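Each chain is listed here by its residues.
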Amino acid sequence: DRLGFALVGLGRLSTDQLAPAFEKSDRCRLVGIVSGSETKPEEWKKKYDLDSKNIYNYRNFDQIADNPDIDVVYVVLPNAMHEEFVVRSAKAGKHVYCEKPMSVSAQECRQMIDACDGAKVHLGVGYRCQFEPHHLECMRLAREKTFGELRHIEAGFGFPIGDYPVGDLRRWRLEHELAGGGALMDVGIYALQACRYLTGEEPRSVLAREIKTDPVKFAEVDETILWSMDFPGGVVASCSTTYGFGGINKFTATATKGQFGLDPAYSYGGIKGFAGDRPIEAPEIDQFAKEMDAFAKAIQEDKRSKVAGEEGLRDQLVIDAIYESVRTGRRVDVAPQQRSS
Ligand code: NAD
């Protein structure tokens with residue numbers, strides 16, 4: 001039987017990617033929504049044939065505890081709201097899938113993990129690339145040492161963010177209180193993830209700097225960050241992220257006997273890769289359907305998801321170290337006792 005999902009937050013990702021992905025899913029179906037909007041619930045109800053009793057707003061959301069149609073709550077809100085809704089979902093006894101970045105601080109990530117463990121519900125983070133066939137092939141090339149020992153990774157992701165005026169709901173990405181950070185938290189996290197899943201390790205330390213060309217637009221969040229990382233096995237990484245311009249969307253892994261990589265790497269589709277002098281041949285899939293199915297399978301088999309809350313926490317610890325390095329201008333250790341919980 002397919003698991004019933006409720007989407008919380010009906011913004012761009014929910015509307016354009018997630019709702020359509022349910023139609024390609026084998027294990028999940030959209031049965032409910034949670035929205036603060038006056039108009040969207042009615043539109044969604046019609047379009048996706050939703051039952052009125054499965055439509056909630058942010059105030060009556062906790063009543064979802066009494067709704068047996070809903071197995072999983074999928075949180076797709078601005079970053080700083082993830083923690084509240086993950087914890088409320090866990091208290092309601094629902095499994096939770098949470099969009100990336102998991103939250104805005106390591107402490108909040110830990111609270112989310114504890115709330116879900118305490119309620120005995122599964123928690124997953126929306127790291128879709130970990131289920132994407134080109135990325136999986138690169139992880140295999142790294143793990144099996146097809147091109148020898150991995151030495152260096154260059155990874156970056158950025159896009160030019162809009163000039164959202166005050167009052168525009170999309171402006172949250174430029175506001176520290178709702179986003180928790182800028183390009184790094186939003187898209188730099190994909191480059192960080194790539195380094196972590198290619199090496200299979202946690203970075204030992206980071207050194208970072210921020211370049212701000214528009215201090216008015218980026219008064220509250222980071223615009224462009226360049227950072228380096230070193231890993232226990234000897235790999236060094238050079239990463240970039242930006243809200244200032246597009247075109248960087250890749251990683252290149254250099255090993256002792258050759259290179260492999262993806263470019264574009266982190267798009268919703270059309271990913272292209274190379275391994276030595278050959279293209280990577282991998283199927284085109286719906287990443288959102290695939291990650292939701294993987295989460296549903298983990299729940300049904302009661303196995304820990306590979307993108308469980310701990311994975312979000314590990315990224316957040318590195319992100320915290322990168323911001324500290326930006327602030328201090330110094331190299332910052334990713335504290336060993338904090339690398340995993
Ligand atoms: P969006 O701005 O399009 O949607 C955000 C939703 O939150 C809207 O429905 C909005 O009404 C609602 N909301 C509730 N309170 C709000 C407030 N105070 N201010 C602004 N909006 C409020 O954003 P999005 O692009 O859909 O991103 C949502 C989440 O999904 C973010 O955490 C983002 O990082 C993540 N995301 C992930 C991917 C991916 O590929 N996995 C892609 C895009 C976004």
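Residues numbered from 1 in each chain as written. Predicted model: local features only at pLDDT ≥ 70, side-chain atom pairs only at ≥ 80, totals over all residues. Heavy atoms only, no water.

Trainee: What is the right way to read the site of the ligand from this model?
Mentor: The ligand sits among 26 residues. The nearest are R12, N79, K100, R128 and W172. In this structure, E99 approaches the ligand through a side-chain N or O atom, which is 2.9 Å from a nitrogen atom. Within the residue set of the shell around the ligand, elements represented by two or more residues are α1 (12–22) and α7 (183–199). When its residues are assigned to classes, the shell around the ligand shows 14 nonpolar, five polar and seven charged. Counting only domains with at least three residues in the shell around the ligand, you end up with domain 1 (3–128) and domain 2 (132–280 + 308–338). (Near = heavy atom within 4 Å. Polar contact = N/O pair within 3.5 Å; in protein donor to acceptor, adjacent residues only side chain to side chain. Helix = DSSP H or I, 4+ residues; strand = E, 2+ residues; numbered from the N terminus. Nonpolar A, V, L, I, M, F, W, Y, C, P; charged D, E, K, R; others polar. Domains from an automatic or database assignment.)

Trainee: When you look at the packing of α1 against helix α8 (residues 287–300) in this model, what are you seeing that I'm missing?
Mentor: Taken N-terminus to C-terminus, the directions of α1 and α8 make an angle of 65 degrees; their axes are 8 Å apart at the nearest point. Like other packed secondary-structure pairs, α1 and α8 cross with a definite hand, here right-handed. Residues L13, Q17, L18, A21 and F22 of α1 form the contact with α8, whose own contacting residues are F288, A289 and M292. Broken down by class, the residue content of the contact of α1 with α8 amounts to seven nonpolar, one polar and no charged. (Axes fitted to C-alpha atoms, helices over the stretch in contact; angles between N-to-C directions. Left-handed = near helix turned anticlockwise from the far one by under 90°. Contact = heavy atoms within 4.5 Å.)

Trainee: Whenever I open this one, the environment of N249 confuses me. Can you help?
Mentor: With respect to the helices, strands and loops of the structure, N249 is situated in strand β11 (residues 249–255). Here N249 falls in the buried class, since its relative accessible area comes to 12%. In sequence terms N249 and V187 are 62 residues apart; their C-alpha atoms lie 9.5 Å from each other. Once you skip the residues sitting within four places of it in the chain, N249 turns out to touch G156, F157, L262, D263, P264, A265, Y266 and S267. At 2.9 Å, the side chain of N249 forms a polar contact with the side chain of S267. (Buried < 20%, exposed > 50% of the residue type's maximum accessible area, 1.4 Å probe, protein only.)

Trainee: When you look at the sheet that holds strand β4 (residues 72–75) in this model, what are you seeing that I'm missing?
Mentor: In any sheet, the strands associate via hydrogen bonds between backbone groups, in a parallel or an antiparallel arrangement. Read from one edge to the other, the open sheet built from six strands follows the order β3-β2-β1-β4-β5-β6, with strand pairing classed as parallel. Single-partner strands in this sheet number two, and they are β3 (55–56) and β6 (123–125). Across the sheet, α1 touches β1 (3–8), β2 (28–34) and β4, and the angle it forms with β1 is around 175 degrees. (Pairing = 2+ DSSP bridges.)

Trainee: Explain the domain arrangement of the chain here, please?
Mentor: Much of the literature gives interface size as the accessible area that the parts lose upon coming together. Domain parsing of the chain yields domain 1 (3–128) and domain 2 (132–280 + 308–338). Between the C-alpha centres of domain 1 and domain 2 the distance comes to 26 Å. Facing the 21 residues of domain 1 at the interface are 25 residues of domain 2. A combined buried area of about 2000 Å² lies between domain 1 and domain 2, and 59% of that area is made up of carbon and sulfur atoms. If you sort the residues of domain 1 by the area they bury against domain 2, K100, Y127 and R128 come out on top, with a joint share of 33%. (Buried area = accessible area lost by both parts, 1.4 Å probe.)

Trainee: I would appreciate a short explanation of α7 in the present structure.
Mentor: Note that an α-helix has 3.6 residues per turn; residues three or four places apart therefore point the same way. With 17 residues, α7 extends 23 Å between its outermost C-alpha atoms, agreeing within 8% with the 24 Å of an ideal straight helix rising 1.5 Å per residue. Along α7, the sharpest kink reaches roughly 50 degrees, centred on I189. Counting buried positions over the 17 residues of α7 gives 17, a clear majority of the element. G200 sits one or two positions beyond α7 and adopts a positive phi of about 70 degrees. (Expected span 1.5 Å × (residues − 1). Bend = angle between axes of the 7 residues up to and from the residue.)

Trainee: For this particular structure, what's the right way to read the sheet that holds strand β13 (residues 273–275)?
Mentor: Spatial ordering of the open sheet is given by β14-β13-β12-β11-β7-β10-β9-β8-β15, a layout of nine strands whose pairing is mixed. At either margin of the open sheet sits one strand with a lone partner, and together these are β14 (278–279) and β15 (332–333). The pairing of strand β9 (residues 224–230) with strand β10 (residues 236–242) spans seven bridges and is classified as antiparallel. Residue pairing for β10: M229 is matched across the bridge by A237. Against the sheet, helix α5 (residues 133–143) touches β7 (150–158), β11, β12 (258–262) and β13, its axis set at about 160 degrees to β12. The sheet strands contacting helix α9 (residues 309–328) are β8 (205–211), β9 and β15, and the helix crosses β8 at an angle near 55 degrees.

Trainee: Whenever I open this one, the pairing of β4 confuses me. Can you help?
Mentor: If a strand is regular, its side chains alternate between the two faces of the sheet. Alternating residues of β4 divide into V72 and Y74 and V73 and V75, and every residue in both groups is buried. The pairing of β4 with strand β5 (residues 95–98) spans four bridges and is parallel. Within β5, the residue paired with V72 across the bridge is H95. Where the polypeptide runs from β4 across helix α3 (residues 82–91) and back to β5, its parallel neighbour, the crossover connection is right-handed. (Right-handed = clockwise from strand over helix to strand, strands pointing away.)

Trainee: Explanation requested: the side chain of Q130 in the structure shown.
Mentor: Note that Q130 resides in the loop between β6 and α5. For Q130, the side chain forms a polar contact with the side chain of Q193, separated by 2.7 Å.

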